[in-house]
Amino acid sequence: MTPRDQLHRDGYILLRQAIPDAWLDTLRATFDAGARPSDQWSTPRGKDWLHSQLDTDPTIQQVCRLPQVLAAVGELIGERFFISQIDGRDPLAGGGHQQLHRDLSIQRPGDIANALVFFDDYGPQNGATRLIPGSHRPAPEAPPCDFSDESGVIQLSGSAGDILVFDVDLIHAGSLNLSGARRRSILVGYFSEPLYASHLETVTLRNIHMDTSERFEPADFAFL
């Protein structure tokens, strides 16, 4: 099976050590400088997470444009796309647990992909992401999904600098930060171009400060 086939089968790819080591201290400092309490956002955020406003930072923008990330996103979306949102998130000690869910495509399956970019090491002890491979495209005859059933779940673990790219219809969730160790990350949303008008309607609610006018063509990035 080719990497391309595996990406479409599983609905995600974990890019190990995708971020240059020399960037990581800067990225962590940027996260901490932009962190705000949950009540200081246009739309209040979960109180068991620390969120950070950092979408205009140049190094953050470079991370979102790493060629291997854009190649995986382009392979999933399959048409011209743009960066819609960058959200800094860090689960607090004893927080971060989510029920399994899908973030959901909008106009067609596969029109949005996410990238979860890890600035710290991550694993079961500090609430790493869990997911169900292949759950983004259930068979037509499949029963409705039971999000309380975790029998098919795997929990990720890895190092600072890893990037998870996934289809938004993939079933996934954050987990409980048992140890209290930092798990700073950014969640980046990549939207197909037809979603741009609806994207503009909610930029204030989503605290988007960056310019979202740049477009990316899947054909410009080779997925290996």
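Up top is the structure.
These lines cover the structure that appears in this document, whether it is placed above or below. (Residues numbered from 1 in each chain as written. Predicted model: local features only at pLDDT ≥ 70, side-chain atom pairs only at ≥ 80, totals over all residues. Heavy atoms only, no water.)

Within this model, the largest pocket holds a volume of roughly 520 Å³. Taken together, 21 residues form the lining of the largest pocket, with Gln85, Asp87, Asp103, Leu187 and Arg206 sitting closest to its centre. For the lining of the largest pocket, the elements supplying multiple residues, two or more each, are strand S3 (49–52), strand S4 (81–91), strand S5 (112–118), strand S10 (185–192) and helix H5 (196–200). At four residues, S10 tops the list of elements feeding residues into the lining of the largest pocket. Per-class residue counts for the lining of the largest pocket are eight nonpolar, eight polar and five charged. (1 Å grid on protein atoms, 1.4 Å probe; cavity = no way out; pocket = protein on both sides within 12 Å on 5 of 7 lines; lining within 4 Å. Points joined across faces, edges and corners; volume = space filled by probe spheres on them. Helix = DSSP H or I, 4+ residues; strand = E, 2+ residues; numbered from the N terminus. Nonpolar A, V, L, I, M, F, W, Y, C, P; charged D, E, K, R; others polar.)

What follows deals with the sheet that holds strand S7 (residues 154–155). Reading across from one edge, S7-S6-S9 is the order of the three strands in this open sheet, with antiparallel pairing throughout. The open sheet has two free edges, formed respectively by S7 and strand S9 (172–173), since each of these has just one partner strand. With two bridges connecting them, strand S6 (residues 130–131) and S7 associate as antiparallel partners. Paired with leucine 131 across the strands is isoleucine 154, a residue of S7. (Pairing = 2+ DSSP bridges.)

With that settled, consider the pattern of salt bridges. By the definition in use, this model includes 18 salt bridges. A salt bridge links aspartate 25 to arginine 28; the nearest nitrogen and oxygen atoms lie 2.9 Å apart. Of this pair, aspartate 25 and arginine 28 are both found in helix H2 (residues 21–34), three residues apart, which corresponds to roughly one turn of the helix. Residue arginine 80 is joined to glutamate 217 by a salt bridge in which the shortest nitrogen-to-oxygen separation is 3.0 Å. Here arginine 80 is found in the loop between helix H4 (67–77) and S4, whereas its partner glutamate 217 is found in the segment after H5, with 137 residues between them in sequence. Residues joined in a network through salt bridges with shared partners are Asp25, Arg28, Asp32, Asp90, Asp120, Arg182 and Arg184. (Salt bridge = Lys/Arg side-chain N within 4 Å of Asp/Glu carboxyl O.)

Burial analysis of S5 places seven of its seven residues in the buried class, which makes it a mostly covered element. Neither face of S5 is exposed, since Ile112, Asn114, Leu116 and Phe118 on one face and Ala113, Ala115 and Val117 on the opposite face are all buried. In this sheet, S10 lies alongside S5 in antiparallel orientation, the contact comprising seven bridges. Among the inter-strand pairings, leucine 116 is bridged to a residue of S10, identified as leucine 187. (Buried < 20%, exposed > 50% of the residue type's maximum accessible area, 1.4 Å probe, protein only.)

The next thing to look at is the side chain of glutamine 85. For glutamine 85, the location among the structural elements is in strand S4. With sequence-adjacent residues up to four places away left out, glutamine 85 is seen in contact with Leu187, Val188, Gly189, Arg206, Ile208 and Met210. (Contact = heavy atoms within 4.5 Å.)

When you tally the buried positions in S4, you get 11 out of 11 residues, the bulk of the element. The sheet contact formed by S3 and S4 spans four bridges and is antiparallel. Bridge pairing in S4 places serine 52 opposite glycine 88. The sheet contact formed by S4 and S10 spans eight bridges and is antiparallel. Its bridge partner being in S10, phenylalanine 81 is matched across the sheet by serine 192.

Quick look at the environment of leucine 14 now. Along the chain, leucine 14 falls in strand S1 (residues 12–15). Residue classification places leucine 14 among the buried residues on the basis of a relative accessible area of 18%. As a C-alpha pair, leucine 14 and valine 165 span 151 residues in sequence and 6.4 Å in three-dimensional space. Look past the residues within four positions of leucine 14 in its chain and what remains in contact with it is Tyr122, Asp162, Ile163 and Leu164.

It is worth spelling out the nonpolar core at this point. Core analysis: the largest hydrophobic core is formed by 37 residues, its most contacted members being Val69, Ile86, Ile163, Val165, Ile186, Val188 and Tyr190. Of all the elements in the fold, those that place two or more residues in this core are S1, H2, helix H3 (58–64), H4, S4, S5, strand S8 (163–167) and S10. Looking at which element gives the most residues to this core, the answer is H4, with seven residues. Those residues in contact with valine 188 that lie beyond four places of it in its chain are Cys64, Ile83, Gln85, Ile86, Ala113, Asn114, Ala115 and Val117. If you look at the next biggest cluster of nonpolar residues, it comprises 12 residues, including Phe118, Tyr122, Leu156 and Leu164. (Core = buried A, V, L, I, M, F, W, Y, C linked by side-chain atoms within 4.5 Å.)

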